[in-house]
Amino acid sequence: MKIYLIAVGERMPPWVAQGYQEYAKRLPPECALHLVEIGLGKRGKNASVERAMHEEGERMLAAIPKGCRAIALDVQGRQWNTPELAQQMESWMQGGCDVALLVGGPDGLVPACVAHAQGLWSLSPLTLPHPLVRIVLAEQLYRAWSILKGHPYHRG
């Protein structure tokens, strides 16, 4: 199974890339994590936020590989504790299809992306900066995998 983290935003600060890579590289090929960056829609004085979000959403939907199960990260989604995420990951792995995790930009996901998703996941009721979400996702996916494999990383 491949996990695609499809996220709005490019050219992240070095600490974001380092943090993300630290955990993504730990995941084995059986659940490899691949980052797909979507360009931020144009925002500014005369630019419409709705239009920018619509463009981001179109590019995000186009980036989802065929046959992938899409999960939208959204504050309205279900919150999983770490053991529940491990169970979810096991279900994804046994399901035989790849997974695409959709992370919106500064204004969130467009309704079309949420409607396309087969599930909604909320990392927290807190508002997290989108660059940090990449790191948290990569770490939690690695932690979930470590639980499934009995690896000592998770000591919770």
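Remember, predicted model here, so these are calculated numbers, not experimental data.

**Q** Can you help me understand the overall build of the protein in this one?
**A** Each helix and strand in the protein was counted, giving five helices and five strands. Ordering the α and β elements of the protein from the N terminus gives β-α-β-α-β-α-β-α-β-α. The C-alpha atoms of the protein give a radius of gyration of 15 Å, which matches the 15 Å a tight globule of 156 residues would have. C-alpha atoms of the protein, sized along the principal axes, occupy 55 × 30 × 30 Å. Residues classed as buried in the protein amount to 43% of the 156 residues present. Considering only residue pairs separated by 6 or more positions, the protein has 81% of its internal contacts joining residues 24 or more positions apart. About 8500 Å² of surface is accessible on the protein, with carbon and sulfur atoms providing 52% of the total. Charge separation in the protein, taken as the distance between the mean sites of 16 positive and 14 negative side-chain charges, equals 3 Å.

**Q** Could you clarify how one ought to interpret the state of the cysteines in this entry?
**A** By definition, a disulfide is the covalent link that joins the sulfur atoms of two cysteine residues. Summed over the entire model, instances satisfying the criterion amount to zero disulfides. The cysteine Cys 31 is free of any disulfide, with Cys 68 supplying the nearest cysteine sulfur at 14 Å. For Cys 97, which is in no disulfide, the shortest distance to another cysteine sulfur is to Cys 68 and amounts to 7.1 Å. Judged by relative accessible area, Cys 97 falls into the partly exposed class, the value being 27%.

**Q** Would you explain the packing of aromatic side chains in this entry?
**A** Between two aromatic rings, the relevant description is the distance of the centres plus the angle of the planes. Applying the stated criterion across every chain yields a total of four aromatic pairs. Both rings, one in Trp 80 and one in Trp 92, keep their centres 6.2 Å apart while their planes meet at 70 degrees; by these two values the pair is edge-to-face. With Trp 80 in the loop between strand E3 (69-78) and helix H3 (82-95) and Trp 92 in helix H3, this residue pair connects regions lying twelve residues apart in the sequence. Each member of the pair Trp 80 and Trp 92 is classed as buried.

**Q** I tried to follow the nonpolar core on my own but got confused; where do I start?
**A** Generally speaking, nonpolar side chains in soluble globular proteins are found buried as a group. Formed by 29 residues in total, the largest nonpolar core has its most connected members in Leu 33, Trp 92 and Leu 101. Contributing elements (two or more residues each) for this core: strand E1 (2-8), helix H1 (14-24), E3, H3, strand E4 (99-103) and helix H5 (130-148). Sort the elements by how many residues they give to this core and H5 lands first, with seven residues. In contact with Leu 101, other than residues within four places in its own chain, are Ile 3, Tyr 4, Leu 5, Ile 6, Ile 71, Leu 73, Trp 92, Trp 121, Leu 137 and Leu 141.

**Q** How should I be thinking about the confidence of the model for the protein in this particular structure?
**A** In regions of low pLDDT, the predicted coordinates are not meant to be interpreted in detail. Per-residue confidence for the protein gives a mean pLDDT of 91, with 98% of residues at or over 70. When the elements of the protein are averaged for pLDDT, helix H2 (residues 49-63) gives the smallest value, 91, and E4 the largest, 97.

**Q** Honestly, the packing of H3 against H5 in this entry has me stumped. Any pointers?
**A** Describing two packed helices takes the angle between their axes plus the distance from one axis to the other. Running from amino to carboxyl end, H3 crosses H5 at an angle of 80 degrees, the nearest separation of the two axes being 8 Å. In this view, H3 runs roughly perpendicular relative to H5, as classed from their interaxial angle. Side by side, H3 and H5 meet where Thr 82, Pro 83, Leu 85, Ala 86, Met 89, Glu 90, Trp 92 and Met 93 of the first sit next to Gln 140, Leu 141, Arg 143, Ala 144, Trp 145, Ile 147 and Leu 148 of the second.

**Q** Sorry, what's going on with empty space enclosed by the protein here?
**A** All told, the structure shown has one cavity of 30 Å³ or more when counted by the stated rule. The space that makes up the largest cavity amounts to roughly 30 Å³. As for the largest cavity, its lining consists of Val 8, Met 53, Glu 56, Gly 57, Met 60, Gly 104, Gly 108, Leu 109, Val 110 and Cys 113. Top element by residues in the lining of the largest cavity is H2. It accounts for four residues. Taken together, the residues of the lining of the largest cavity sort by class into six nonpolar, three polar and one charged.

Criteria and cut-off values
- Residues numbered from 1 in each chain as written.
- Predicted model: local features only at pLDDT ≥ 70, side-chain atom pairs only at ≥ 80, totals over all residues.
- Heavy atoms only, no water.
- Helix = DSSP H or I, 4+ residues; strand = E, 2+ residues; numbered from the N terminus.
- Rg over C-alpha atoms; globule rule 2.2 N^0.38 Å.
- Buried < 20%, exposed > 50% of the residue type's maximum accessible area, 1.4 Å probe, protein only.
- Contact = heavy atoms within 4.5 Å.
- Areas by Shrake-Rupley, 256 points an atom, 1.4 Å probe, with all protein chains shown as cover.
- Lys, Arg positive; Asp, Glu negative; His and termini not counted.
- Charge placed at Lys NZ, Arg CZ, Asp CG, Glu CD.
- Disulfide = S-S within 2.5 Å.
- Phe/Tyr/Trp six-rings, centres within 6.5 Å; stacked < 30°, edge-to-face > 60°.
- Core = buried A, V, L, I, M, F, W, Y, C linked by side-chain atoms within 4.5 Å.
- pLDDT = per-residue confidence, 0-100.
- Axes fitted to C-alpha atoms, helices over the stretch in contact; angles between N-to-C directions.
- Parallel < 35°, antiparallel > 145°, perpendicular 65-115°, else oblique.
- 1 Å grid on protein atoms, 1.4 Å probe; cavity = no way out; pocket = protein on both sides within 12 Å on 5 of 7 lines; lining within 4 Å.
- Points joined across faces, edges and corners; volume = space filled by probe spheres on them.
- Nonpolar A, V, L, I, M, F, W, Y, C, P; charged D, E, K, R; others polar.

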